[in-house]
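Below, each chain spelled out in residue letters.
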Amino acid sequence: MSFEATITSIHEMTPEVKQFVVEANGEFEYEPGQHTTVQFDPDEAGIDAEEDGTVVRPYTATNLPGTDAITLAIKRYDDGTASVYMHERETGDTITLGELEGNLTVRDTDEDVAFVSTGTGITPMIPMLRHYLKEGTGEVYFFYGEKTQESIMYRETLDTFETEHENLSVIYSLSDEEWDGPTGHVQEHIEDHIDDVANTRYYTCGVPQMVVDTKERLDELGVPDDHVVSEGWEDGAVGE
Ligand SMILES: Cc1cc2nc3c(=O)[nH]c(=O)nc-3n(C[C@H](O)[C@H](O)[C@H](O)COP(=O)(O)OP(=O)(O)OC[C@H]3O[C@@H](n4cnc5c(N)ncnc54)[C@H](O)[C@@H]3O)c2cc1C
């Protein structure tokens, strides 16, 4: 099922990522971490597309449910299709969305959790973190990998959450810039910050290779498979 929604606000989060507030006629119902789909006819929109017919791409609702609006944070790929379409939208435009769905949701708010993501893989982590901070009782570790400081998404939000919640630790790791914080692949820092690595639940999302590497690292650290909940972005998508 699909429905129409109106873009009511657009904000540049980083040089490549825009946040869209999208309002519909009725309340959005979903679990934090789930995604909708943006659907459009590329010929009508004047967008080059490799596929025939309607383009459909998943995008994650980054706010908590319960209102008639969702926020989407979308990174533009210059050779992309839906991301280019969305970056060309303006406030007041109507877009077509699909039902919200997906498996990446918080399993248990009483256990210690770690959110491990890179790039736009942070989008499901943000609503899951918000949900956990409201209801959770354990320790929360938020690991986020990006190339440079300017491409870190949600830094203001995460830094503020960290000052407000004593049970939250936020660890950024940069792969393309020297700074005074951690560098390299984000999953390499897990054991430096988590005391009880094997008894923590991990939620991880990013390009497929990052998810594979993170799962391998967790396996080496003795984390059982059923403690890891993951989602890889599109199959075949290149690294960030
Ligand atoms: C469950 C789920 C939720 C998602 N949520 C979000 C979200 O909240 N925000 C967001 O920005 N994206 C999200 N994505 C990714 C999104 O659905 C698209 O894959 C992305 O926007 C590119 O689509 P496109 O049509 O512009 O590019 P396409 O036309 O599909 O691809 C064109 C080219 O773009 C590049 N490309 C495409 N995808 C990626 C990628 N993931 N990493 C690196 N390069 C890529 C490649 O060079 C590719 O050849 C999500 C994906 C999934 C599976």
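Residues numbered from 1 in each chain as written. Predicted model: local features only at pLDDT ≥ 70, side-chain atom pairs only at ≥ 80, totals over all residues.

1. A few points about the domain arrangement of the protein
- We note that the domain assignment places domain 1 (2-98) and domain 2 (113-232) within the protein.
- In this complex, domain 1 contributes 14 residues to the contact, which on the side of domain 2 involves eleven residues.
- Of the residues contributing to the side of domain 1 that touches domain 2, the split by class is seven nonpolar, five polar and two charged. (Domains from an automatic or database assignment. Contact = placed C-beta atoms within 7 Å. Nonpolar A, V, L, I, M, F, W, Y, C, P; charged D, E, K, R; others polar.)

2. Observations concerning the nonpolar core
- Membership of the largest hydrophobic core comes to 51 residues, with the highest contact counts inside it found for Leu72, Ala114, Phe115, Met125, Leu129, Phe142 and Phe143.
- For this core, the element with the most residues is helix α3 (residues 122-135), which contributes six residues.
- Once residues within four sequence positions are removed from consideration, Met125 is found in contact with Phe115, Ser117, Tyr203 and Cys205. (Core = buried A, V, L, I, M, F, W, Y, C linked by C-beta atoms within 7 Å. Buried ≥ 20, exposed ≤ 12 C-beta atoms within 10 Å, placed from the backbone. Helix = DSSP H or I, 4+ residues; strand = E, 2+ residues; numbered from the N terminus.)

3. Observations concerning the environment of Glu191
- Mapped onto the elements, Glu191 comes out in helix α5 (residues 190-193).
- Its 14 C-beta neighbours within 10 Å are what place Glu191 among the partly exposed residues.
- In the structure, Glu191 is positioned 27 residues away from Leu218 in sequence and 9.3 Å away in space, judged by C-alpha atoms.
- Other than its neighbours up to four places away in sequence, Glu191 contacts Val197 and Leu221.

4. Quick word on the sheet that holds strand β5 (residues 69-75)
- Within the open sheet, the six strands sit side by side as β4-β3-β6-β1-β2-β5. Their pairing is antiparallel. Both outer strands of the open sheet, β4 (55-60) and β5, are each paired with one neighbouring strand and no more. Mean inter-strand twist for the sheet, computed between neighbouring axes without regard to direction, equals 40°.
- Relative to strand β2 (residues 17-24), strand β1 (residues 2-12) runs antiparallel, the two sharing seven bridges. Residue pairing for β2: Ile7 is matched across the bridge by Val22. (Pairing = 2+ DSSP bridges. Axes fitted to C-alpha atoms, helices over the stretch in contact; angles between N-to-C directions.)

5. Points about the environment of Glu156
- Looking at where Glu156 falls in the secondary structure, it is placed in helix α4 (residues 155-164).
- Accessibility expressed as a C-beta count within 10 Å gives 10 for Glu156, which makes it exposed.
- A sequence separation of 71 residues divides Glu156 from His227, and the C-alpha atoms of the two residues are 29 Å apart.

6. A word on the pairing of strand β6 (residues 94-98)
- Bridge count between β1 and β6: five bridges; the pairing is antiparallel. Residue pairing across strands places Ala5 opposite Ile95, the latter belonging to β6.
- One ladder, built from two bridges, connects strand β3 (residues 35-40) with β6; its direction is antiparallel. Each residue of the ladder has a partner; that of Gln39, found in β6, is Thr96.

7. Here's the deal with the sheet that holds strand β7 (residues 113-118)
- One open sheet accounts for five strands, arranged β9-β8-β7-β10-β11; its pairing is parallel. The sheet is open, and its two borders are formed by β9 (168-174) and β11 (228-232), each paired with just one other strand. Strand-to-strand twist in this sheet, taken as the mean axis angle between neighbours without regard to direction, amounts to 10°.
- Here strand β10 (residues 201-206) pairs with β11 via five bridges, running parallel. Across the sheet, residue Gly206 finds its bridge partner in β11, namely Gly232.
- Most of the contacts of α4 go to β9, to which it runs at about 145°, and overall it touches β8 (140-146) and β9.

8. Re unusual backbone geometry
- A positive phi angle is found at Tyr154, which is not glycine, with a value near 65°.
- Residue Tyr154 is classed as buried on the basis of its 23 C-beta neighbours within 10 Å.

9. Examining helix α6 (residues 208-220)
- Taking 1.5 Å of rise per residue, the 13 residues of α6 would be expected to cover 18 Å, and the 19 Å separating its terminal C-alpha atoms lies within 8% of that figure.
- Regarding α6, the residues found buried are Met210, Val211, Thr214, Arg217 and Leu218. The buried residues of α6 occupy an angular sector of 125° when the element is viewed end-on, so they sit on one face. Residues Glu216, Asp219 and Glu220 are exposed on α6 and point more than 90 degrees away from its buried face.
- Each element contacted by the buried residues of α6 is listed here: β7, α5, β10 and β11.
- Among the residues trailing α6, Gly222 stands out with phi positive, at a value near 85°. (Expected span 1.5 Å × (residues − 1). Arc of directions from axis to C-beta.)

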